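Tertiary structure, described
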Amino acid sequence: MTTLIVNGGRHEVQAPDDTPLLYVLRNDLQLIGPQFGCGLAQCGACAVLIDGKEMRSCVTALSDVAPNQEITTLEGLPTRWAKQKHVSAEEAQNTLHPVQQAWIEEQTPQCGFCQNGMMIKATELLESNPNPSVAQIKEAFTTSGVSPNLCRCGTYLAIIEAVQHAATIMAKGR
Amino acid sequence: MATMSEKPANVFGPTLSRRQFIKAGGALVVGFSFVGPGLLKGETAKSNITKNSLDPTIASSWIEIHADNTVLIRTGKSDFGQGSTFTAYRQIVAEELSVPFEAITTVIAGDTDRTPDGSGAFDFLGRGTPNIRKAAAYTYQALLDLAAEKLGVPKDKLSVKDGIVSGGGKSISYGDLVKDQQLKLTIPVSGDLTSIMGLTIEGNPPMKPVSEYSVIGKSFKNSVIASKVAAKETWATDVRLSGMLHARVVHPKTLGSTLVSAGQVDKTKFPNAQVIVKGNLVGVVAPTEWEAIQAANQVASTTKWTEWKGLPGNAKLYQHLREEADWKTAPVAKGRADKGDAEAVLASAHKKLSATYQLSYMKHAPIGPTMAVADVKPDGTVHIYAHNQNPQELRGEIAMMLRSTPDHVIVHSYPGPGHYGRSNGGNAGAEDEAVILSQAVGKPVRVQWMRADDMQWSTQSPAAFSDIQITVDEKGKIAAYRIDHYMPAMQDDRPIGAVLAGLPTMPAPDVHNDFITSTANNISDPWVYAPVPHVMERGHGTFQVGQKASPLAVGLRDHSMRTPGQFQQNYPRELAISEAAAVAGVDALQFRLDHANEERAIGVLKAVRDASNWETRPSPRPDAISTGSTPVRGRGVSLMLRSGTYWACVCQIAVTPSTGVIVVEKYTIAVDPGIVVNPTQLKRNVEGGAVMGISHALFEEVNFNESGITQNNWVSYPIPTMKHIPEIKVVLLNNPKVGAYGGGSEAANALAAPAIAAALHDATGRVLRRLPLKPAYVQTLLKT
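Residues numbered from 1 in each chain as written. Chains lettered and ligands numbered in written order. Predicted model: local features only at pLDDT ≥ 70, side-chain atom pairs only at ≥ 80, totals over all residues.

Okay, the overall build of chain A next. Assigned secondary structure in chain A consists of seven helices and five strands. Radius of gyration (C-alpha) of chain A: 15 Å, near the 16 Å computed for a compact globule of 174 residues. Sequence-distant contacts, at least 24 apart, represent 62% of the contacts inside chain A between residues at least 6 apart. (Helix = DSSP H or I, 4+ residues; strand = E, 2+ residues; numbered from the N terminus. Rg over C-alpha atoms; globule rule 2.2 N^0.38 Å. Contact = placed C-beta atoms within 7 Å.)

Rendered as structure tokens:
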């Protein structure tokens, strides 16, 4: 029995210690934001935030997560934003994280399968750098993680535009 | 309790019959239906309408007008990320019906039991008249007829705005017109539901004049993006059925290996896992995904296969294709633009370009490996849950595999990672395996391929080569052009699990198959240089590499991929045209203008010239250099006509001769699709295609040895990252007078390669004619 803190809630999980976090999130906790892309930490489709840092859940074993570490999945981004902006949980239910809003307004995804990881990476970036340059955005999505975040549909330009848009929304507060 | 009266009315050939319900309470939601009295050319679609599909001859199968003025539409085409079903299709229907975009509240796509027409997720805009447009046009006429009768006003005195029909001082909404009634409109439909092309609505209902468009041309948002971004969409990967087992497949050691003995599960470690063997198909199932993965790895390590070395290996690929492949048995395809006597002119020419161009195998490489859930019920009914480009054809293939009939098979469509053509012939890879395993264990089974399975056991875009001869006259014009295209069969639609299990499938590509799965290589790159006096195009086809030698009849299986066949033909043509311009000493873009006479081709060339600040001069640039460690810049151009859309692109590159590294710095692309339906969606599609084009040009090449594909992940099969993207400029040329909507998703990925290769020539003075332009290849060739 392992206890995980995910999206602000505590969850008891019955899975072997070596189970990759991805399968625990998807199959045991029904959190379907992270996707299986390669299982090798080479693409980013499975990314989650662990204490605010983008991690690849496909190679993170359940036992790699410390009891006090907070996991945020795509589903948890609105609550994360609400908490940072001291918005009530109820209100947070009806809103989206600025990154998600920007992804919609810029019509960023094509198939969208990689975009979980792209939004997680964007959130990590904007929490540390609220106004990134294009070069900094490219650096974040290419060299800051264990591998570049890959998009087969080629939406990189739309991602850059959405990150910039999200920065604007965040600067306004909400 | 209802009584009924039927009264036929004429709707442009098809018949509207009306059943007037007088109901005791409650409104009845009403649609229209189509029957087939007017089927054209004696064809009947009825024969392959099965129990679990909607009747395509009934209008309500396509479009439902509800009493609350909302509209539902259905299409057999599942969305693969281009968003056309959620944007363009809504806009087209809203336009033809004269209702607001927002009135179309529901779009049902791809499910075989809930959509009428089948066919694949390609050519969404149907060269201007997709099925859904005709369905809407027929429906609109029927609604006008109803309103004319109801209001007592002649049809030609009626007008419609926002779903309200008005005339003679009276008005009524669509909702009120259909309320409490069941209306049955029949329209003509032809085709084969479970084939690659599916069904087509026939006839010529009047369409709304383009000049009256108010919904088409606006950038409505794609509704599915919002639900995907908010993690509210159910993907195929999310489907979980009660009692479902997770499975992994242990694929053969080589593309020609047969099973000697399957490994056993170590029950001390994996007590709940089970091995299933059917012919050469080895699957491992377990209640949890992690146990299935680990047990499959363990079983794989002790499973024994025969050895096989029947492939040429990619170092000898082009030699094999040139010298060993059988190009004699498939009929030679001739170009539609052939004219004059190119052979005679070329034979007597003093100055000619004569060269060979080569393109490697490429993977569709979806960002998530293929997967499917199947549930084979005790009564033989099969449910498949998948992300598939042609669910109706999949249904036919699964029925064939099980020696059953399509009415026993239902395919449920869900979003998934785009795979750019791989499953447009009905299967992506895991669907049939899930069915076989589910049938074996009597429970629902979820088969998820791992990354290595997807790289090594899926189909690929076929390699190809072309021989070109061009002669240029003293005036600097092309006097004669001859091209011979060589490409192995491009469409192997056999489900691989069925092949491995020894179950029935359609035949492997062969000479006498239908045109899609035959070994013939048709000319698929429309000629756009009409003034050239002597033209000869030939297409030569053959079997897939290794197909005949493999005991599994597998080899390097091919499948159409984004801009299929045309990419393989346009790349050599367009690079050669740039080379011919250099031979003539004429600017490459001006040279194309000098050889084009179609207004739209000229339009995209001029647009891309202006938007890219093209400097008119011959290539190579005066100071071109093929040595040194300083980056050299160059630019190139390419042109294509595909699916009614004209495309031109200009790429500016920087190449460092000492390293062979090419960086694309600017990418300008102009597109004239006729009517631009949704500018934002088109722009995003083009941008994405442009990035994939850079990938094809610089990165993508399947590596294989004598036994199979040696790449198994994103390190060994790299694609571009964000740092590789250039400044991208998309110029949309809305051209309403064309009166049709052309395709907007394909072609963008194919234009880059010839433009980049021409840019390399411009920068260095050297022509490299083999794709991809990887650093080692570029570096080596520039040195020689």
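As a further point, take the interface of chain B and chain A. If you look at the interface, chain B gives 44 residues, while chain A gives 43 residues. For the side of chain B that touches chain A, the secondary structure elements donating two or more residues are helix H4 (223-229), helix H5 (289-302) and helix H15 (679-698) of chain B. Examining the composition of the side of chain B that touches chain A, we find that nine residues originate from one element, H15(B), more than from any other. Its residues assigned to classes, the side of chain B that touches chain A shows 22 nonpolar, 14 polar and eight charged. (Nonpolar A, V, L, I, M, F, W, Y, C, P; charged D, E, K, R; others polar.)

Now for the sheet that holds strand S7 (residues 164-167) of chain B. All names here are of chain B. Spatial ordering of the open sheet is given by S6-S7-S8, a layout of three strands whose pairing is antiparallel. A strand with exactly one partner marks an edge of an open sheet, and here the two such strands are strand S6 (159-161) and strand S8 (170-173). Direction aside, neighbouring strands of the sheet carry axes that sit 25° apart on average. Bridge count between S7 and S8: four bridges; the pairing is antiparallel. Bridge pairing in S8 links Ile 164 to Ser 173. Against the sheet, helix H2 (residues 131-151) touches S7 and S8, its axis set at about 135° to S8. (Pairing = 2+ DSSP bridges. Axes fitted to C-alpha atoms, helices over the stretch in contact; angles between N-to-C directions.)

This part covers the domain arrangement of chain A. You'll often see interface size given as the accessible area lost when the parts meet. All names here are of chain A. What the domain assignment reports for chain A is domain 1 (2-73) and domain 2 (75-171). One C-alpha centre belongs to domain 1, the other to domain 2, and the line joining them spans 19 Å. Mapped by element, the contributors of at least two residues to the side of domain 1 that touches domain 2 are strand S3 (47-50) and strand S4 (53-56). The residue makeup of the side of domain 1 that touches domain 2, split by class, is nine nonpolar, 10 polar and three charged. (Domains from an automatic or database assignment.)

Residue and element names in this part refer to chain B. Between Ser 619 and the following residue, Pro 620, the backbone shows a cis peptide bond with an omega angle of -5°. Within the secondary structure layout, Pro 620 lies in the loop between helix H14 (599-611) and strand S28 (632-642). A cis amide bond links Leu 771 with the next residue in sequence, Pro 772, at an omega value of 0°. With respect to the helices and strands, Pro 772 occurs in the loop between helix H16 (748-764) and helix H17 (775-783). Positive phi values are uncommon outside glycine, yet Arg 127 reaches one of about 50°. If you trace the backbone, Arg 127 turns up in the loop between strand S5 (104-109) and H2. In this structure, Asn 613 is a non-glycine residue whose phi angle is positive, near 50°. If you trace the backbone, Asn 613 turns up in the loop between H14 and S28. Overall, Asn 613 belongs to the exposed group, with 11 C-beta atoms counted inside 10 Å. (Buried ≥ 20, exposed ≤ 12 C-beta atoms within 10 Å, placed from the backbone.)

Residues and elements named next belong to chain B. The buried count for strand S21 (residues 382-386) comes to four of five residues, which makes it a mostly enclosed element. Judged from the five bridges that link them, strand S20 (residues 371-376) and S21 form a sheet pairing that is antiparallel. Bridging across to S21, Val 373 finds its partner in Tyr 385. Pairing of S21 with strand S22 (residues 409-413) involves five bridges; the strand directions are parallel. If you follow Ile 384 over to S22, its bridge partner there is Val 411. As a crossover connection, the stretch from S21 through helix H8 (residues 391-401) into S22 is right-handed. (Right-handed = clockwise from strand over helix to strand, strands pointing away.)

The next point concerns the environment of B:Asn388. Residue and element names in this part refer to chain B. Assignment of secondary structure puts Asn 388 in the loop between S21 and H8. Between the alpha carbons of Asn 388 and His 419 there is a distance of 9.1 Å; along the sequence they are 31 residues apart. Those residues in contact with Asn 388 that lie beyond four places of it in its chain are Ser 78, Leu 394, Val 411, Ser 413, Ser 423, Ala 428 and Glu 431.

So, about the packing of helix H5 (residues 115-128) of chain A against helix H7 (residues 156-171) of chain A. All names here are of chain A. Their axes nearest at 11 Å, the elements H5 and H7 cross at an angle of 45°. Taken together, the axes of H5 and H7 lie oblique to each other. You can see that H5 and H7 cross each other, and the crossing is right-handed. Between H5, through Met 118, Ala 122, Leu 125 and Leu 126, and H7, the contact on the second element is made entirely by Ile 159, Val 163, Ala 166, Ala 167 and Met 170. (Parallel < 35°, antiparallel > 145°, perpendicular 65-115°, else oblique. Left-handed = near helix turned anticlockwise from the far one by under 90°.)

Taking 1.5 Å per residue as the helical rise, H5(B) with its 14 residues ought to reach 20 Å, and the 20 Å between its terminal C-alpha atoms agrees with that figure. Looking only at H5(B), the buried set comprises B:Glu289, B:Trp290, B:Glu291, B:Ala292, B:Ile293, B:Gln294, B:Ala295, B:Ala296 and B:Val299. (Expected span 1.5 Å × (residues − 1).)

What follows covers the sheet that holds S3(A). All names here are of chain A. Strand order in the open sheet formed by five strands is S2-S1-S5-S3-S4, and the pairing between neighbours is mixed. Of all strands in the sheet, those with a lone pairing partner are strand S2 (9-13) and S4, marking the two edges. In this sheet, neighbouring strand axes are inclined to one another by 40° on average, regardless of whether the strands run parallel or antiparallel. Bridging between S3 and S4 involves four bridges; their strand directions are antiparallel. The partner of Ile 50 across the bridge, within S4, is Lys 53.

Next up on the list: the pairing of strand S15 (residues 281-286) of chain B. Residue and element names in this part refer to chain B. Here S15 lies mainly inside the structure; six of its six residues are buried. Of the two faces of S15, the one holding Leu 281, Gly 283 and Val 285 and the one holding Val 282, Val 284 and Ala 286 are both buried throughout. The pairing of strand S12 (residues 245-250) with S15 spans five bridges and is antiparallel. Among the inter-strand pairings, Val 250 is bridged to a residue of S15, identified as Val 282. Pairing of strand S14 (residues 274-278) with S15 involves five bridges; the strand directions are antiparallel. Directly across from Val 275, in S15, lies its bridge partner Val 284. The hairpin formed by S14 and S15 contains two residues between the paired strands, and Gly 279 there has a positive phi angle of roughly 60°.

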